[in-house]
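If you want the building blocks of each chain, they are given just below.
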Amino acid sequence: LVKLTIDGIEVEVPKGTTVLEAARKIGVEIPTLCYLKEINKVGACRVCVVEVGPRLLASCTLEAENGMHVKTNTQKVREARRAVVELILSNHKRECTTCIRSENCELQSVSKELNIRDLRFEGEKTHEDIDSASTSVVRDPEKCILCGRCIATCSEVQTVHAIGFARRGFNTKVAPTFNRALANTVCVNCGQCIMACPVGALYEKENIKEVWRAISNPEKFVVVQTAPAVRVALGEEFGMPIGTRVTGKMVAALRRVGFDKVFDTDFGADLTIMEEGTELISRLNKGENLPLMTSCCPGWVKFVEHYYPEMIDNLSTCKSPSEMEGALIKSYFAAKMGIDPKNIVTVSIMPCVGKKFEGQREELSHEGMQDVDIVLTTRELAQMIKEAGIDFKNLPDEQFDNPFGEGTGAAVIFGATGGVAEAALRTVYEVITGNDLDNVEITAVRGVTGIKEAVIDLNGRQVKAAIAHGLSNARRLLDMIKSGERQYDFIEVMACPGGCVTGGGQPIVDAKTREKMDVRVERAKAIYEEDRHLPIRKSHKNPDITRIYEEFLGQPNSHKSHELLHTHYVK
Ligand code: HC0
Ligand code: SF4
Ligand code: SF4
């Protein structure tokens, strides 16, 4: 332990603690911008300066030492912080009222905290074009404050290295190499850079207008489905605490927004378990293309295509749950309703910006129609609800529509890392052994450890599963498999750390809040709570799933299933 004083208050902290962390411990607030817990700690922006003796030092990188006397609230400190922020603002495209991050901008909050009213350094500004070629991520360099949080996320957390600092001095900027458009790089569209950005320099490609247009077109039958993770985060956009479940209110809101049918992607998730579980059993029997790798995360699929093309055949041929459901809406459901599928618009509400890319992949279409036409993020849905003047917090709870409104507990846990594996194990175990699984909660695959493992005994055969979330962990896992250090039968990967609950399309949580709580854990708790509250917790026990096989698909992995629910990625 080391002992120091901050503003005259004595504080004892473990060695290695920074002055910033020590100050927060005793309730002394120090503003930050470039600092992002466990991801970016570079002391670059210097808004967190404190006075130590005669010197001003960045507290986010300053290690607490015995006998240190730190002052955080002196004239010199306040002036220095103000100067830093004024300089940033002098070269910032200040369109606060129309900015996508208005009211959720860390630069705005810091300026307000420091009472910045007029700028002393108004001068030349850098001019850069907006890069909006990507299906998922838009970059506006004129709003970038060069904090480096997105770069650290892309490089360290995701090991994708799609963006970096380019040029020097006044002209420094964050960009892909050779200043290419993000769409033409190795970017996997995970959107984690958006979650790290304190300002409006990175944001999702908005598709709200297309959805309003479809809804107001009387020719179009507009069907919406919502991913598992959306229901545990949407409430945050309306001021509810992190980890609040709002499933029923979300359904009510979607009806009031004007969708003709409100379906649950959970149905697609249960279907995925039937198809992927059957695929796993068949690969285990043949000993082919093992480990079977999940293919429901578009960020992960693209990562494999770029970095591990030799393992593409290990990917499951299953389309993602939302794509499967889209395909069924335009075939089974359209026929049932007597609607020409060309007049159906399928909208997916996802916690993800990569799903926007997925939606447009030609591998995920059928008879010239995309399975999913438009993908909106959780944030975009919240925006639509606000535009529609809906009082979200006071909505009643409503139920999803049939025939794709029934999902099990196994489906809802897809939204947290380990969930797909747990759901698959619940079903595969019962199908193969013929025994009932008494305890459906497979805790070994839960939690935020980077790589998790589980072994399950299937009639004497030990089936080994591994789960990774965050692409740096996925990379470690694949490298261990390639080197022969580890062997598995099944692996689940989600590109986003924590899985979809903390996907790139979810409500953005500022650095200060991220310091105090693990958002992944809080939202996952809500997901597991939803699972516990559902009457059916195994995909193969979903009566709507049984019905669609009886009425339409035949068996899992049948010819019809292959035509509609499976795809193939090529090198
Ligand atoms: Fe996910 Fe999904 S669980 S990818 O993370 O598999 O986006 O929530 O919708 O499709 O179900 C995201 C979340 C989904 C899909 C499901 C899967
Ligand atoms: Fe990197 Fe993901 Fe952002 Fe692409 S979307 S630049 S891969 S963090
Ligand atoms: Fe999208 Fe989920 Fe994959 Fe993140 S983990 S890229 S949110 S599917």
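Only a predicted model underlies this, so the values are computations on that prediction, with no experimental measurement involved. (Residues numbered from 1 in each chain as written. Chains lettered and ligands numbered in written order. Predicted model: local features only at pLDDT ≥ 70, side-chain atom pairs only at ≥ 80, totals over all residues.)

S.K.: Would you take a moment to explain the sheet that holds strand β4 (residues 55-58) for this structure?
M.R.: Strand pairing in a sheet relies on backbone hydrogen bonds. The paired strands run either parallel or antiparallel. Pairing is mixed across the open sheet formed by 5 strands, whose spatial order is β2-β1-β5-β3-β4. The open sheet is flanked by β2 (9-13) and β4, the only strands paired with a single partner. Each strand axis lies, on average, 35° off the axis of its neighbour in the sheet, ignoring direction. The pairing of strand β1 (residues 2-6) with strand β5 (residues 69-71) spans 2 bridges and is classified as parallel. (Pairing = 2+ DSSP bridges. Helix = DSSP H or I, 4+ residues; strand = E, 2+ residues; numbered from the N terminus. Axes fitted to C-alpha atoms, helices over the stretch in contact; angles between N-to-C directions.)

S.K.: Whenever I open this one, the pairing of β1 confuses me. Can you help?
M.R.: Sheet faces and side chains relate simply in a regular strand, where the side chains alternate between the two faces. Here β1 pairs with β2 via 5 bridges, running antiparallel. Each bridged residue has a counterpart across the sheet, and for Lys3 the counterpart in β2 is Glu12. The hairpin formed by β1 and β2 contains 2 residues between the paired strands, and Asp7 there has a positive phi angle of roughly 50°.

S.K.: Honestly, the site of ligand 1 in this entry has me stumped. Any pointers?
M.R.: What surrounds ligand 1 is a group of 23 residues, the closest being Ala227, Ala229, Cys296, Ser320 and Cys500. Counting only elements with at least two residues in the shell around ligand 1, the list comes to α8 (265-286) and α10 (321-337). Top contributing element to the shell around ligand 1 by residue count: α8, with 4 residues. Class assignment of the residues belonging to the shell around ligand 1 gives a composition of 14 nonpolar, 8 polar and 1 charged. (Near = placed C-beta within 6 Å. Nonpolar A, V, L, I, M, F, W, Y, C, P; charged D, E, K, R; others polar.)

S.K.: Is there a simple way to explain the sheet that holds strand β11 (residues 261-264) in this structure?
M.R.: Sheet architecture is open: 4 strands sit in the order β11-β10-β13-β16, paired in parallel fashion. Each edge of the open sheet carries a strand with a single partner, namely β11 and β16 (374-377). Ignoring strand direction, the axes of neighbouring strands in this sheet form an average angle of 25°. As paired strands, strand β10 (residues 221-226) and strand β13 (residues 344-350) are joined by 6 bridges and run parallel to one another. When the bridges of β13 are listed, Val222 appears paired with Val345. Against the sheet, α8 makes contact with β10, β11 and β13, and its axis sits at roughly 40° relative to β11, the strand it touches most. (Contact = placed C-beta atoms within 7 Å.)

S.K.: I tried to follow helix α7 (residues 247-257) on my own but got confused; where do I start?
M.R.: The α-helix advances 3.6 residues per turn, and as a result positions three or four apart in sequence lie on the same side. Within α7, burial applies to Thr247, Lys249, Met250, Val251, Ala253 and Leu254. Summarising the contacts, the buried residues of α7 are in contact with β10, β11, α12 (378-387) and α17 (519-533). The first or second residue beyond α7 is Gly258, which carries a positive phi of 125°. (Buried ≥ 20, exposed ≤ 12 C-beta atoms within 10 Å, placed from the backbone.)

S.K.: Looking at this model, I keep getting lost on the site of ligand 3. Mind explaining?
M.R.: The full set close to ligand 3 counts 16 residues, and Cys297, Gly299, Cys352, Cys496 and Gly503 are the nearest of them. Take the shell around ligand 3: its biggest share by element is 3 residues, from helix α9 (residues 298-307). Residue composition of the shell around ligand 3, by class: 10 nonpolar, 5 polar and 1 charged.

S.K.: Please clarify how the domain arrangement of the protein chain should be interpreted in this entry.
M.R.: A common way to express how large an interface is: the accessible area buried when the components associate. Entries for the protein chain in the domain assignment read domain 1 (2-90), domain 2 (126-204) and domain 3 (209-565). Each of domain 1 and domain 3 was reduced to a C-alpha centroid, and the two centroids are 42 Å apart. (Domains from an automatic or database assignment.)

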